[in-house]
Amino acid sequence: QVRLVESGGGLVQAGGSLRLSCAASGSIRSINAMGWYRQAPGNQRLLVARITSGDLTNYAASVKGRFTISRDNAKNTVYLQMNSLKPEDTAVYSCNVEGLISPTFASFISWGQGTQVTVSS
């Protein structure tokens, strides 16, 4: 019932910037945390950045200082501003949202389809 739609991926040269967006919709009572993960071919899906409802943030060491996660609570949307992109940032980036479903208050974890980010050298 909870759906995530990502946008903003694409092809960019090293040193460039992209901003990813993820909008959550459906029977959402509340959102506890939203995050971005990435997976390159042959690799595990790993956390890139995460933000809680209390505005606590976590970043992968490899992106800290270059990426910034933020959210718009009114729109149930999370953003990932990616600056100083490197070829090693190339991956499929997927949005993750955790929260409670309305009206049952059951917890949910939802994943988006993913958006491709390709950084050329």
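Let me begin by describing the structure that accompanies this report. (Residues numbered from 1 in each chain as written. Predicted model: local features only at pLDDT ≥ 70, side-chain atom pairs only at ≥ 80, totals over all residues. Heavy atoms only, no water.)

## Some thoughts on unusual backbone geometry
And step 1. Of the consecutive residues Ser-102 and Pro-103, the connecting peptide bond is found in the cis state with omega at 5°.
And step 2. As for its placement among the helices and strands, Pro-103 is situated in the loop between β9 (91–101) and β10 (107–111).
And step 3. With a phi close to 50°, Ser-84 is a non-glycine residue in the positive phi region.
And step 4. Mapping Ser-84 onto the fold places it in the loop between β8 (77–82) and β9.
And step 5. Of the residues examined, Ser-84 reaches a relative accessible area of 40% and is grouped as partly exposed. (Helix = DSSP H or I, 4+ residues; strand = E, 2+ residues; numbered from the N terminus. Buried < 20%, exposed > 50% of the residue type's maximum accessible area, 1.4 Å probe, protein only.)

## Let's talk about the environment of Phe-105
And step 1. Its place among the elements puts Phe-105 in the loop between β9 and β10.
And step 2. For Phe-105 and Arg-29, which are 76 residues apart along the polypeptide, the C-alpha to C-alpha distance reads 6.9 Å.

## Overview of the sheet that holds strand β3 (residues 18–25)
And step 1. With antiparallel pairing, the four strands of this open sheet are ordered in space as β1-β3-β8-β7. The open sheet has two edge strands with one neighbour each: β1 (3–7) and β7 (67–72). Within the sheet, the average angular offset between the axes of one strand and its neighbour, ignoring direction, is 15°.
And step 2. In the sheet, β7 pairs with β8 via six bridges, with the strands oriented antiparallel. (Pairing = 2+ DSSP bridges. Axes fitted to C-alpha atoms, helices over the stretch in contact; angles between N-to-C directions.)

## Observations concerning the pattern of salt bridges
And step 1. As enumerated under the stated definition, the model contains four salt bridges in all.
And step 2. Between Asp-89 and Arg-38 there is a salt bridge whose closest N-O contact spans 2.9 Å. Linking Asp-89 in the loop between β8 and β9 with Arg-38 in strand β4 (residues 28–39), this pair joins segments that are 51 residues apart in sequence.
And step 3. Under the relative-accessibility criterion, Asp-89 is labelled buried at 0%.
And step 4. Residue class for Arg-38 comes out buried when judged on its relative accessible area of 15%.
And step 5. The partner of Glu-98 in a salt bridge is Arg-50, with the nearest N and O atoms 3.2 Å apart. Placement of Glu-98 in strand β9 and of Arg-50 in strand β5 (residues 46–52) is noted, with a sequence separation of 48 residues between them.
And step 6. Through salt bridges with shared partners, a single ionic network connects Arg-38, Arg-66 and Asp-89. (Salt bridge = Lys/Arg side-chain N within 4 Å of Asp/Glu carboxyl O.)

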